[in-house]
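What the coordinates show
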Amino acid sequence: MPVISLPPELESAIEVELRTVPGSQWMSAARGLSERYRAERDPSAGAPRPMARGSKEALGYAALVLPAAYAQLAGAMAATAERAPSFEPATMLDLGSGPGTALWAAAEQWPTLATIHAWEREPAFIELGRKLAASSTIPTVRGAQWRQVTLGGALPQHTPRYDLIVIGHVLNEMDERVREALVRSAWEHCSGVLLIVEPGTSAAFPVVRAARDLLLAEGARTLAPCAHDEPCPLVNDWCHFPQRLHRPHFQRRAKEGSAGWEEAKFSYAAMARFAPDRPVWGRLIHQPQVNKVGAGLVISSREGIVRPRILRRDRPAFKAAADLKWGDAVEVEVEITGEG
């Protein structure tokens, strides 16, 4: 599994902004955010408290949450691009942009982007996002157009169509009615790919699955992670994937941890107006279980959830299975030498 890092100019820009306030202040804000993330959230209880009511909370978010969010978005975008290498978006809309995390990830993945619009509710995030974007070496990120918008369902009238629309870490904060209206409206204004990314938790996965079901009913095609356009076959389980990230110094400080890397887990659905360029047979949805007998796999495939066990005595097949990593696409049907 590749280990990614924040773009150097983004990491440096966050460090510069963190130095504008005493460390105790953004550390306190980061601790408050951490407690909120650990607490169970109930979207039906009404509008959640804003993630950043002021500049200190926005900085706490940048230190604590942004690196993992970047890893999740980058992982989902890489999987999307792998299935659709001919997709070369020129325009992007980021809904619920926060401090612009998705802008950086998308510009790294798709250098064809020429216009990026970032919609965000909180002024503190917009202010910080603009400051961070000004440090980018990518003109599209520096020139991103920010707009203060509260996402309450359908997008505003006269919203243009975009090649790429990203909804990252937004839907899980909404009640079902608002969520469905937003997804439906975003699809109406999408001419290419609608990418939905949420944290890889048992609570967030049903939100992603419901959005995918809605989009399939609207005629969307699945790019990733699924290998098909059928309903999700999972029962009593959830689909999520890891992306390893080099932790910047400020995130280690915010988390009061010494580990140099972390696995940021995410659930996602990349839905398109076109079929994938590179169809696959399935995707590994858990880490292979390798022991002295063989390798056990759990694959979401065109035939549903399959659990092949490849025995060590079949050396070529075993090596291929053991080399697979959680989240890898499986291009051709796995030959089964055992069943487990």
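Everything discussed here concerns the structure shown above.
Let me begin by describing the structure that accompanies this report. Keep in mind the model is a prediction, meaning the values are calculated, not measured.

So, the pairing of strand S3 (residues 115-120)
By the criterion of burial, S3 is predominantly enclosed, with five of the six residues buried. Pairing of strand S2 (residues 91-95) with S3, which is carried by five bridges, proceeds in the parallel orientation. Paired with Leu93 across the bridge in S3 is His117. In this view, the connection linking S2 to its parallel neighbour S3 by way of helix H5 (residues 101-109) has right-handed handedness. The pairing of S3 with strand S4 (residues 145-148) spans four bridges and is classified as parallel.

Here we look at the packing of aromatic side chains
Evaluated as defined, the whole model comprises six aromatic pairs. Centre to centre, the rings of Tyr61 and Phe125 are 4.9 Å apart; their planes meet at 70°, and the pair counts as edge-to-face. Of the two residues, Tyr61 is situated in helix H3 (residues 55-64) and Phe125 in helix H6 (residues 123-133); the sequence distance between them amounts to 64 residues. Here Tyr61 and Phe125 have matching classes, each one buried. Ring centres of Phe241 and Phe266 lie 6.4 Å apart, and the angle between their planes is 50°; this geometry places the pair in the tilted category. Within this pair, whereas Phe241 is found in strand S8 (residues 241-246), its partner Phe266 is found in strand S9 (residues 261-272), the two being separated by 25 residues in sequence. Judged by relative accessible area, Phe266 falls into the buried class, the value being 3%.

Scoring rules and cut-offs
Residues numbered from 1 in each chain as written. Predicted model: local features only at pLDDT ≥ 70, side-chain atom pairs only at ≥ 80, totals over all residues. Heavy atoms only, no water. Buried < 20%, exposed > 50% of the residue type's maximum accessible area, 1.4 Å probe, protein only. Helix = DSSP H or I, 4+ residues; strand = E, 2+ residues; numbered from the N terminus. Pairing = 2+ DSSP bridges. Right-handed = clockwise from strand over helix to strand, strands pointing away. Phe/Tyr/Trp six-rings, centres within 6.5 Å; stacked < 30°, edge-to-face > 60°.

Note that all results are geometric; they support no functional claim without further evidence.
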